[in-house]
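The residues making up each chain are set out below.
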Amino acid sequence: MAQSIVNTGKVLRQIVIGQLQSVSEAQLDIQPEGFNNTIRWNVGHMIYWMDQYATLSFGSMSAVPSQYEVLFNSGTKPSDWTIVPPSKDELIQMLVTQLSNLSELAPERLDKTLQSPFAMGPFQFTTAGELFNFALMHEAIHLGVISSQMKLLR
């Protein structure tokens, strides 16, 4: 079961990378009507939170630049940015690096109990696998947002 979660994560991330490659640099910053953010923000948000979830789940060191928190944490938005966000190429490289790390993840690490339960709203996660599985759901939600935004850009 744990291996299937890892495999799902790898497939999901490959889809995200494929989607991003089909978007121009300029399209990354268009905020379609009815959306709170842009494709660039959604991709950066996915990178930032996958890094956070990996740190919480597996005790790994954060591997994203510190400005990602200011740009892409929950509650942020491009209209508030005062620093230059990462380029499309940098975002793709971060996605690929995280995919590589995911490919090296030993499935048995998902069975590990977290040092302390992680609460998000009414939900509580006690194992690395529970939290990592939530991370994949989170990523899939933002992939859906990106797909919707892309339809409006064509």
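Residues numbered from 1 in each chain as written. Predicted model: local features only at pLDDT ≥ 70, side-chain atom pairs only at ≥ 80, totals over all residues. Heavy atoms only, no water.

You'll find the chain entered in an unreviewed UniProt entry as DinB family protein, with Paenibacillus terricola given as the organism.

In this section: the overall build of the chain. Helix and strand content of the chain: 5 helices and 2 strands. Counting from the amino terminus, helix and strand elements in the chain follow one another as α-α-α-α-β-β-α. Computed over the C-alpha atoms, the radius of gyration of the chain is 15 Å, within 12% of the 15 Å expected from 2.2 N^0.38 for a compact globule of 154 residues. Dimensions of the chain, computed from C-alpha atoms along their principal axes, come out at roughly 40 × 25 × 25 Å. (Helix = DSSP H or I, 4+ residues; strand = E, 2+ residues; numbered from the N terminus. Rg over C-alpha atoms; globule rule 2.2 N^0.38 Å.)

Moving on, we come to the packing of helix α2 (residues 39-58) against helix α5 (residues 128-153). Packing of α2 against α5 leaves a shortest axis separation of 10 Å and a crossing angle of 175°. Judged by the angle between their axes, α2 and α5 are roughly antiparallel. Each residue belonging to the contact of α2 with α5 can be placed in one class, and the counts come to 20 nonpolar, 6 polar and 1 charged. (Axes fitted to C-alpha atoms, helices over the stretch in contact; angles between N-to-C directions. Parallel < 35°, antiparallel > 145°, perpendicular 65-115°, else oblique. Nonpolar A, V, L, I, M, F, W, Y, C, P; charged D, E, K, R; others polar.)

Moving on: the side chain of Glu 139. The topology assignment puts Glu 139 in helix α5. The exposure class assigned to Glu 139 is buried, which follows from its relative accessible area of 2%. At a separation of 2.8 Å, a polar atom in the side chain of Glu 139 contacts the side chain of Arg 13. In this structure Glu 139 touches Leu 12, Arg 13, Val 16, Met 46 and Met 50, once residues within four positions along its chain are discounted. (Buried < 20%, exposed > 50% of the residue type's maximum accessible area, 1.4 Å probe, protein only. Polar contact = N/O pair within 3.5 Å; in protein donor to acceptor, adjacent residues only side chain to side chain. Contact = heavy atoms within 4.5 Å.)

What follows is about the nonpolar core. Ranked by internal contacts, the top residues of the largest apolar core, which has 45 residues, are Ile 39, Val 43, Ile 47, Tyr 68, Leu 110 and Phe 132. Among the secondary structure elements, those contributing two or more residues to this core are α1 (2-21), α2, α3 (67-72), α4 (88-103), β1 (113-120) and α5. (Core = buried A, V, L, I, M, F, W, Y, C linked by side-chain atoms within 4.5 Å.)

On to the packing of aromatic side chains, then. Two measures describe an aromatic ring pair: the distance that separates the ring centres and the angle between the ring planes. Under the criterion given, the structure shown has 8 aromatic pairs. When the ring of Tyr 68 is compared with that of Phe 72, the centres are 5.2 Å apart and the planes differ by 70°; the resulting orientation is edge-to-face. Here the residue Tyr 68 and the residue Phe 72 both occupy positions in helix α3, the gap between them amounting to 4 residues, near one helical turn. In terms of burial, Tyr 68 and Phe 72 fall into one category: buried. (Phe/Tyr/Trp six-rings, centres within 6.5 Å; stacked < 30°, edge-to-face > 60°.)

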